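Structure at a glance
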Amino acid sequence: TTSPASPTAAGSGTNATAAFRASVTRSGPAPADRQRVSTVVQALVDAVRGVIRDHEITYPEFRTAEQWLMDLGEAGEWPLFLDVFVEHEVEKIAERTQHGTKGTIQGPYYLPGQKRLPATATLPQRDDEKGDTLVLTGQVRALDGTPLGGAEVDIWQADADGYYSGFAPHIPDGNLRGVITTDEQGRFEITTVRPAPYRIPTDGPTGALLTAAGWHPWRPAHLHLMVCATGYRQITTQLYFQGGDWLDSDVASATKDELILAPVRLGDGLLRARYDFDLEPV
Ligand code: MBD
Ligand code: FE
């Protein structure tokens, strides 16, 4: 992984592009079905042509779009742009056949191979990690209620300033990332910090588009999770925080009511939240 010199859109975009390429190489490209390619690409091109006709797109507008698309690629922001503006629509298709805990988009900042942790664990963090301590407890179980011991809860999140390790150079690799294994009861207890809302970097092409359109760049504060157990369908999801900013206007359109945590602050001053995951058999 390369490390950018400062937390710029270019640095984070480059890292997100590298992470994406690595993940695709591992799973291998899907075999192309010629009829499917023809149908889908024709529909896509038709949709673009329709926009041009309906909105009487001019040459200056066309050239601006052309330039912007080139900038998007050069900044490595295709993963950011597609995950913000498009992934949620693909996820809604997947949701149609998925039971149990709701999924939502993965986003561009997942990194595999993080530190493996026991059922009760604190995510790797800096000595002076900023933010409210958050303790997330829960249970992983099958749809029929069977506890799933030995399940994996892969968690990643932004810090209390809204930055992700691996995509902002001032944060140590692996910070606020980890793979927890549940105990025999399927339970886990993860100590971390409450993340801040995430702002799309304003100094890159995606940010420039948001500014040009007058759209805000925010995602509500969230935890990312991938939960898996042998013999069950993996869930990729996010958990949000009740009452938090941007819950109703997520730039990535990825919130769901079922995924909102209601943390409570107990006598010890720590924020505690509970969330259980229900996995469907494959
Ligand atoms: C994020 O942190 C994120 O979760 C998504 C989906 C897009 C951009 C940044
Ligand atoms: Fe995120």
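Just so it is clear, the structure is predicted and the values come from calculations on it, not from any experiment.

Further remarks concern the site of ligand 1. Lining the immediate surroundings of ligand 1 are Leu80, Val84, Ile105, Gly107, Pro108, Tyr109, Tyr164, Tyr198, Arg219, His222 and His224. Tyr164 is positioned with one of its side-chain polar atoms (N or O) 2.9 Å from an oxygen atom of ligand 1. In the model, an oxygen atom of ligand 1 is placed 2.9 Å from a nitrogen or oxygen of the His224 side chain. For ligand 1, whose unbound accessible area comes to 260 Å², protein coverage reaches 100%. Placement of ligand 1 is best described as lying within the largest cavity. Of all the elements in the fold, those that place two or more residues in the shell around ligand 1 are helix H4 (78–85) and strand E9 (222–228). Per-class residue counts for the shell around ligand 1 are seven nonpolar, three polar and one charged.

A surface patch of nonpolar side chains, about 550 Å² in accessible area, is lined by Val48, Val51, Ile52, Ile57, Tyr59 and Phe62. Broken down by secondary-structure element, the contributors of at least two residues to the nonpolar patch are helix H2 (34–54) and helix H3 (59–74). With three residues, the top contributor of residues to the nonpolar patch is H2. Inspection of the secondary structure assignment puts Tyr59 in helix H3. Owing to a relative accessible area of 62%, Tyr59 belongs among the exposed residues under this scheme.

Rules of the game
- Residues numbered from 1 in each chain as written.
- Chains lettered and ligands numbered in written order.
- Predicted model: local features only at pLDDT ≥ 70, side-chain atom pairs only at ≥ 80, totals over all residues.
- Heavy atoms only, no water.
- Near = heavy atom within 4 Å.
- Polar contact = N/O pair within 3.5 Å; in protein donor to acceptor, adjacent residues only side chain to side chain.
- Areas by Shrake-Rupley, 256 points an atom, 1.4 Å probe, with all protein chains shown as cover.
- 1 Å grid on protein atoms, 1.4 Å probe; cavity = no way out; pocket = protein on both sides within 12 Å on 5 of 7 lines; lining within 4 Å.
- Sits in = over half its atoms within 2 Å of the grid points.
- Helix = DSSP H or I, 4+ residues; strand = E, 2+ residues; numbered from the N terminus.
- Nonpolar A, V, L, I, M, F, W, Y, C, P; charged D, E, K, R; others polar.
- Patch = residues over 30% accessible without salt bridge, like charges linked within 9 Å, V, L, I, M, F, W, Y side chains within 5 Å.
- Salt bridge = Lys/Arg side-chain N within 4 Å of Asp/Glu carboxyl O.
- Buried < 20%, exposed > 50% of the residue type's maximum accessible area, 1.4 Å probe, protein only.

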